[in-house]
Amino acid sequence: MITFQVRARLAAALLAVAAGAFVVPVAAAHGPDPVLSGGLFAQSQSLEFRWRAGAEPPAAIRTAIRAAADDIGTTRASKAATFVYDSAGANPIGYGAGATCGVNGLACFTRSAPSGFTLWLREQGHAFDWGTLRWCQMYTTAPNGCYDAETISLDEFGHVEILNHHVNYSDDRDYDDAVVQTFSRTKPGTGWNMHVLGRCDVATLQREYDVLSWTTDYSTCLDIDTVLTLSASPASIAADASTTLTAALKVVDRDTYERLGGNPVSSRIVKLQRRSVGATTWVAVGTMSAGASGTYSLAVRLARSSEFRAIFSTPADEGLNGDTSPTVTVSVSGCTDPCPLSAGR
Amino acid sequence: MVESRWFRRAGPGVVALGALALVASATLAAGERPWVPPPCAGDAITGPIRAGSGAWFRIDPKLESGERRGQRLVVGVAGRVRSRAIGLDSESFAAGPFGGRILVGTDDGLASRLSLLDPAAGCAATIGTASDVIRRATLSPAGDAVLEFRVDRRTRADLGVWRRSLRDPGDVRRLLPPIRPDGRFGPTWSTEFAWSHDGAALAVQSCGEAACRSRVVDLRDGSVRDIADPELGELVGLDREHLVVRSACRGLPCPLYAVAIADGRRTSLGDAGAATVTADAAGRAWAVFERDASGGLRSVRLDGSAATDLPPDPSGLRLIAPASRSGSGTDLAPGWIVTGPDGRLLLDGPVGPRARRVPDGLTVPFEEVSR
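On a predicted model such as this, the values are computed, not experimentally measured, just so you know.

An account of the nonpolar core is needed here, citing residue identities and associated values.
Core analysis: the largest hydrophobic core is formed by 180 residues, its most contacted members being Ala247 of chain A together with Leu103, Leu243, Val244 and Ala287 of chain B. Looking at which element gives the most residues to this core, the answer is helix H2 (residues 59-75) of chain A, with 6 residues. Once you skip the residues sitting within four places of it in the chain, valine 244 of chain B turns out to touch Val236, Gly237, Leu238, Leu256, Ala258, Val277, Ala287 and Leu302 of chain B.

Here you go:
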């Protein structure tokens, strides 16, 4: 079962190829993984797999494949599909005999999103020009030169989701940023036994399937602009009364952000600053309390009219860019500035 | 496929032995009696050889506790000869059929041995051995030579492509040097041969883990063209002017291109599932591929023209790809392709394979196509 919808952004490139131009969709090095053609699965769709009759993997490989399925579930940080073993599952995973892989590679797949997929792993002992395939899991003590079946299965599950091979820097210093790699590594090479999705795998999964929740961290392989707005309610108060400043933090709604565009961004640190009307220096008021759906609020008592702004600083541990809200003025009536009892409020 | 009288001309280079019987029968299924083909001799396999013999093979790894211990080769002739199983070493291959003959290579860890099987005549002939590992081989269109890709037994270093004359056993020459290392492709995982249907061009494709490069030898003038684009992957087939290759995908569907041998210019043929290249009765090459999830087929000339769609097989059979992907080969008349369960040549299942003719889609049982 194979699906053949060509995604819009790929179509233009393919048309160019058809027209003779030597154009191939290429991702910039170190960016999120490029994507395959074809459709997506539903958000958080559960894909049940079974072992293919007559081509069932040996126990050690079965364990590795199931572990890789768990790895997807625990590290996807997105609403990408999940993979679950079910003896009656619709999606067969085979091993060795009958594999319809091409001539190269350790494993292969077909994807027909949203209906399903197939997956094959080569058998232990498969002969390639360079030598004989050895799966680390087939040994009590894995020898150097073996391939980790969990890592390779994780790579294949990533392909099934939509991920194409990560485009590395020329010196491969970012190899660990993705498990979905063109070149697999053997023990003990760096990354030979990655059992988590890399940040640039996650980046594409987030872009294509959306983040798991508004509180989910955005992959540091992304470079996402945010927009922060601020409002006051009420915007006019009597002296020494309170008003609540409410900020809303969202991802900028750009087409290139795909499913991430316009997302509320919750549970981050948003700070409020204040200055008197006409002043130039901002003074910290405090950290706003995180509410639902990317909102942040803080109540303040004021004795005189003030300007406020909210600030979301660029975090070091995720791929969001900070933003500063426009200035909001809260008008205070009932006394003449300076109010004798305001004492700095 | 051109007519060939290869065996008639083979002369002393061919040492007729029941070589395949030397392989341990342990690689066959429990209780399965191995076929021990007798040596071919006399007129048993001589005479004009035409495409469309109906000969077929399927090769599968034989596993024990998940580890390859050998391979099982099953051969037959559609509608005429029932399947016969042969056990091969773990490192082994089958190629063809070439006008009814199947080229078999098997390596026991000490030496590689090449044999030609004739399922119709029920015999085999050893055609050569080597202390290096013969990874793949093919027959020349004239049937007078075997082309072998070899690697060093100890280091697995590429030793190039060698031409072994079937007329003179001492005439073994290197046709192509080892392919140059290229970091864009990485170590070579597989090397495959493919002929244009007119036998004028030979493609030798060397694949890294994902991307492949091809050297195309024009047998008319001996020239060699390199197609080395890391965006390209597995070879599907060729004619004199074009290679049909996939993008460097690990899965399907995958973009399929016709690449001009002269200048590398690509023509997109579409996103493809299984794919093959065949020639019609007039010798014109067609790419045939699954165009959609239901197994609907599209045939298209290699210049991108004359695209014709065929409906899916009503039994759900899928296009059987070339041997490098499907592990099976058939020798049908020009213009015919084969479909089978899961894209595999399975003759003892509940639903047998079928042959379809392109571009008109005429469909017949596989056993009937060669009659």
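Give a description of helix H4 (residues 199-209) of chain A that names residues and reports values.
All names here are of chain A. Burial analysis of H4 places 11 of its 11 residues in the buried class, the great majority of the element. Buried within H4 are the following residues: Arg199, Cys200, Asp201, Val202, Ala203, Thr204, Leu205, Gln206, Arg207, Glu208 and Tyr209. Tucked into the core, H4 has its buried residues touching helix H3 (149-161). Following H4 by one or two positions, aspartate 210 adopts a phi angle in the positive range, close to 90°.

Requested: an account of the sheet that holds strand S18 (residues 251-252) of chain B, with residues and values cited.
The strands making up a sheet associate through hydrogen bonds between their backbones, and the pairing can be parallel or antiparallel. If you walk across this open sheet you meet the 6 strands as S2(A)-S1(A)-S3(A)-S5(A)-S4(A)-S18(B), and the pairing is mixed. On the outer flanks of this sheet lie strand S2 (82-85) of chain A together with S18 of chain B, each paired with one strand and no other. Note that strand S4 (residues 107-112) of chain A and strand S5 (residues 116-121) of chain A share 6 bridges and pair antiparallel. Bridge pairing links threonine 110 of chain A to threonine 118 of chain A in S5 of chain A. H2 of chain A contacts strand S1 (46-51), S2, strand S3 (91-95) and S5 of chain A of the sheet and is inclined by roughly 145° relative to S2 of chain A. Along the sheet, H3 of chain A makes contact with S2, S4 and S5 of chain A together with S18 of chain B, crossing S4 of chain A at roughly 25°.

Outline the environment of tryptophan 56 of chain B, listing residues and values.
Residues and elements named next belong to chain B. Relative to the helices and strands, tryptophan 56 is located in strand S1 (residues 55-64). A tally of 28 C-beta atoms within 10 Å means that tryptophan 56 is categorised as buried. Residues contacting tryptophan 56, with those up to four places away along its chain left out, are Gly76, Ala78, Pro97, Ser328, Gly329, Thr330 and Leu345.

Give a description of the sheet that holds strand S13 (residues 289-290) of chain A that names residues and reports values.
Read from one edge of the open sheet, 5 strands run S13-S14-S10-S8-S16 (chain A), paired in mixed fashion. The open sheet has two free edges, formed respectively by S13 and strand S16 (320-321) of chain A, since each of these has just one partner strand.

Criteria and cut-off values
- Note that residues are indexed from 1 along each chain, following the sequence as it is written.
- Chains and ligands are labelled by the order in which they are written, letters from A for the one and numbers from 1 for the other.
- In keeping with the model being predicted, local features are shown solely for residues with a pLDDT of at least 70 and side-chain atom pairs are shown and tallied solely at 80 or more, while totals for entire chains, interfaces and linings include all residues.
- Joining buried Ala, Val, Leu, Ile, Met, Phe, Trp, Tyr and Cys residues through C-beta atoms within 7 Å gives a set, and that set is a nonpolar core.
- Three exposure classes are used, based on other C-beta atoms lying within 10 Å of a residue's own C-beta, which is placed from the backbone: buried for 20 or more, exposed for 12 or fewer, and partly exposed in between.
- In this text, helices come from DSSP runs of H or I with a minimum length of four residues, and strands from runs of E with a minimum of two, each type numbered from the N-terminal end.
- Each residue gets a C-beta atom placed from its backbone, and two residues are in contact if those atoms lie within 7 Å.
- Note: two strands are recorded as paired if DSSP finds a minimum of 2 bridges between them.
- Angular values range over 0 to 180 degrees, each being the angle between N-to-C directions of two axes fitted as lines to C-alpha atoms, with helices fitted over their stretch in contact.

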